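Below, each chain spelled out in residue letters.
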Amino acid sequence: MDFLVDSASADNLATAHDLHLVTHNDLPAWLAAQDPATQAWLKTQAFKADRHQVALLPSVDGRALQAVVGLGALTAPDAIELWHAA
């Protein structure tokens, strides 16, 4: 799993957040594995896993808890290359 980290300092590892990389093909299965609140949140944001699409998933108190990044038609997250971030 990849993580978003507020700082590279080991003292701040408690602030790491999950980062989900999702392709168009993986989106239905990934969404099915999420809780109903996450599914509803992403539906409201019209998240389709399009390339460069980002959605923040909040905690119950409204803070950013996780992020989902769309990879579009990429065949698999492990096929990502630097160019995909351009």
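Refer to the structure above for everything that follows.
Residues numbered from 1 in each chain as written. Predicted model: local features only at pLDDT ≥ 70, side-chain atom pairs only at ≥ 80, totals over all residues. Heavy atoms only, no water.

> Looking at this structure, how should I read the nonpolar core?
Counting nine residues, the largest nonpolar core is built from Val-22, Leu-27, Trp-30, Leu-42, Phe-47, Ala-49, Ala-55, Leu-57 and Val-68. Counting only elements with at least two residues in this core, the list comes to helix 1 (27-32) and strand 3 (54-58). Look past the residues within four positions of Leu-27 in its chain and what remains in contact with it is Val-22, Phe-47, Lys-48 and Ala-49. (Core = buried A, V, L, I, M, F, W, Y, C linked by side-chain atoms within 4.5 Å. Buried < 20%, exposed > 50% of the residue type's maximum accessible area, 1.4 Å probe, protein only. Helix = DSSP H or I, 4+ residues; strand = E, 2+ residues; numbered from the N terminus. Contact = heavy atoms within 4.5 Å.)

> Looking at this model, I keep getting lost on helix 2 (residues 36-44). Mind explaining?
It helps to recall that an α-helix has 3.6 residues per turn; residues three or four apart then point in one direction. Where helix 2 begins, one side-chain oxygen reaches toward the backbone nitrogen of Ala-37, 3.0 Å away; that side chain belongs to Asp-35. At the exit of helix 2 stands Ala-46, carrying a positive phi of roughly 55°. (Polar contact = N/O pair within 3.5 Å; in protein donor to acceptor, adjacent residues only side chain to side chain.)

Keep in mind these values describe shape, not function.
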